[in-house]
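Here is what each chain is made of, one letter per residue.
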Amino acid sequence: PVPRAREAIASIALSPGRVTVAIVSGRDLATVRRLLGVDAGIMFAGTHGLELTGPDGVTRLAPGVEESLDDLQALRDHLALEVPAQRGFVVEDKRLAIAFHYRKADPTEAAPLLAHLEEFVASVTPRLEIIKGKMVYEMLPRGVAGKGSAVRWFIEQMGEPRPQVAYFGDDTTDEDAFFALRPQDAVTVLVGPERESFARYRVDGPSAVADLLAELSAMLASERRGKQR
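Scoring rules and cut-offs
- Along each chain, the written sequence defines residue order, and numbers are assigned to residues from 1.
- Per-residue local features of the predicted model are confined to residues with pLDDT of at least 70, and side-chain atom pairs are confined, for both listing and counting, to 80 or more; whole-chain, interface and lining totals are unaffected and use all residues.
- Where side-chain values are given, they derive from all heavy atoms of the structure, hydrogens and water being excluded.
- Only the contacting stretch of a helix is used when fitting its axis, a line to C-alpha atoms as for every element, and angles between N-to-C directions run 0 to 180 degrees.
- Secondary structure elements follow DSSP: runs of H or I of four or more residues count as helices, runs of E of two or more count as strands, with numbering from the N terminus.
- By definition, turning the near helix anticlockwise from the far helix through less than a right angle yields a left-handed crossing, and turning it clockwise yields a right-handed one.
- Between two residues, a contact is recorded if the distance between any of their heavy atoms is within 4.5 Å.
- Note on pairing: two strands pair once DSSP finds at least 2 bridges between them.
- One less than the number of residues in a helix, times 1.5 Å, gives the span that helix is expected to have.
- Throughout, exposure labels follow a simple rule: accessible area from a 1.4 Å probe, protein chains only, divided by the maximum for the residue type, with under 20% read as buried, over 50% as exposed, and the rest as partly exposed.
- Taking the helix axis as origin, the arc is that swept by the directions to the C-beta atoms.
- What counts as a salt bridge is simple: a side-chain nitrogen of Lys or Arg found within 4 Å of a carboxyl oxygen of Asp or Glu.

Caption draft 1: Expanded view of the packing of helix α1 (residues 5-12) against helix α7 (residues 206-228). Following both chains from N to C, one finds α1 and α7 inclined at 35°, their axes separated by 8 Å at the closest point. Judged by the sense of rotation from one axis to the other, the crossing of α1 with α7 is left-handed. Packed against α1, whose contacting residues are A5, A8, I9, S11 and I12, the element α7 presents A210, L213, A214, L216, S217, L220 and R224 at the interface.

Dropping the structure here:
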């Protein structure tokens, strides 16, 4: 997290009656928790919603994940044979999903490799789908995951009355959540340079998000102090 964001999130989570915090990430849940360093009172969605931790603190897998484990193993074996070492390619095994990063690779070498990967997934591992992010292909169980599904699940866990949702995201995979939240009249915010998006608003970068979180944190802290008097 950028400076101030972690502290603001931890402080906001101290006001569960006013605000519920949820972290939605493509990273696996263990990595998300380690990087944030805060988990008290926070809901989590890791690996694009394949791993979910609700308000009860219990972590569970999204339904249907187990059926794709054999296809994930077949993909692991394929990548181990096909991806050249020391060429800028990185295979990130998240157990429930596999990410293929090509940011540091030669584009002329990456293009045929990506095309072959798409063909392999379609023909050999049909229980998987590819989510295309920023210089990364992520292969995960088809029709099971997605940041939109994760956000809808969080809203269901909150019960009635339905919460007013604010969602910030900078990746192309966050468009799934922006789109899912359109019927909710949510405050959806694209983080980063202007581009076509389902988000209603935009801020320039993560530091701007940290500023907003710090402002909300200060407001809630003031409320808590007022109640203690």
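Caption draft 2: Quick peek at the pairing of strand β7 (residues 128-133). Judged from the six bridges that link them, β7 and strand β8 (residues 136-141) form a sheet pairing that is antiparallel. Counted as the bridge partner of G133 is V136 from β8. Where β7 hands over to β8, the hairpin turn is made up of two residues, of which M135 adopts a positive phi near 60°.

Caption draft 3: How the structure looks around helix α3 (residues 69-82). Between its first and last C-alpha, α3 extends 20 Å over 14 residues, near the 20 Å set by a 1.5 Å rise per residue. Buried within α3 we find D71, L72, L75, H78 and L79. The arc enclosing the buried residues of α3, seen along the axis, measures out at 120°, which places them on a common side. Opposite the buried face of α3, at more than 90 degrees from it, the exposed residues are D70, A80 and L81. Taken together, the buried residues of α3 touch β5 (90-93), β6 (98-101), α4 (107-124), β7 and β8.

Caption draft 4: The side chain of S68, seen in detail. Here S68 lies in the loop between β4 (59-61) and α3. We classify S68 as buried; its relative accessible area is 3%. Those residues in contact with S68 that lie beyond four places of it in its chain are R127, L128 and P141.

Caption draft 5: Just the pattern of salt bridges, in detail. Evaluation of the coordinates by the stated rule reveals 15 salt bridges. Across the pair D39 and R33 runs a salt bridge, and its minimum N-O distance is 3.4 Å. Classification of D39 as partly exposed rests on a relative accessible area of 42%. Between D93 and R76 there is a salt bridge, and its shortest N-O distance comes to 2.5 Å. Placement of D93 in strand β5 and of R76 in helix α3 is noted, with a sequence separation of 17 residues between them.

Coordinates in, geometry out; function isn't part of it.
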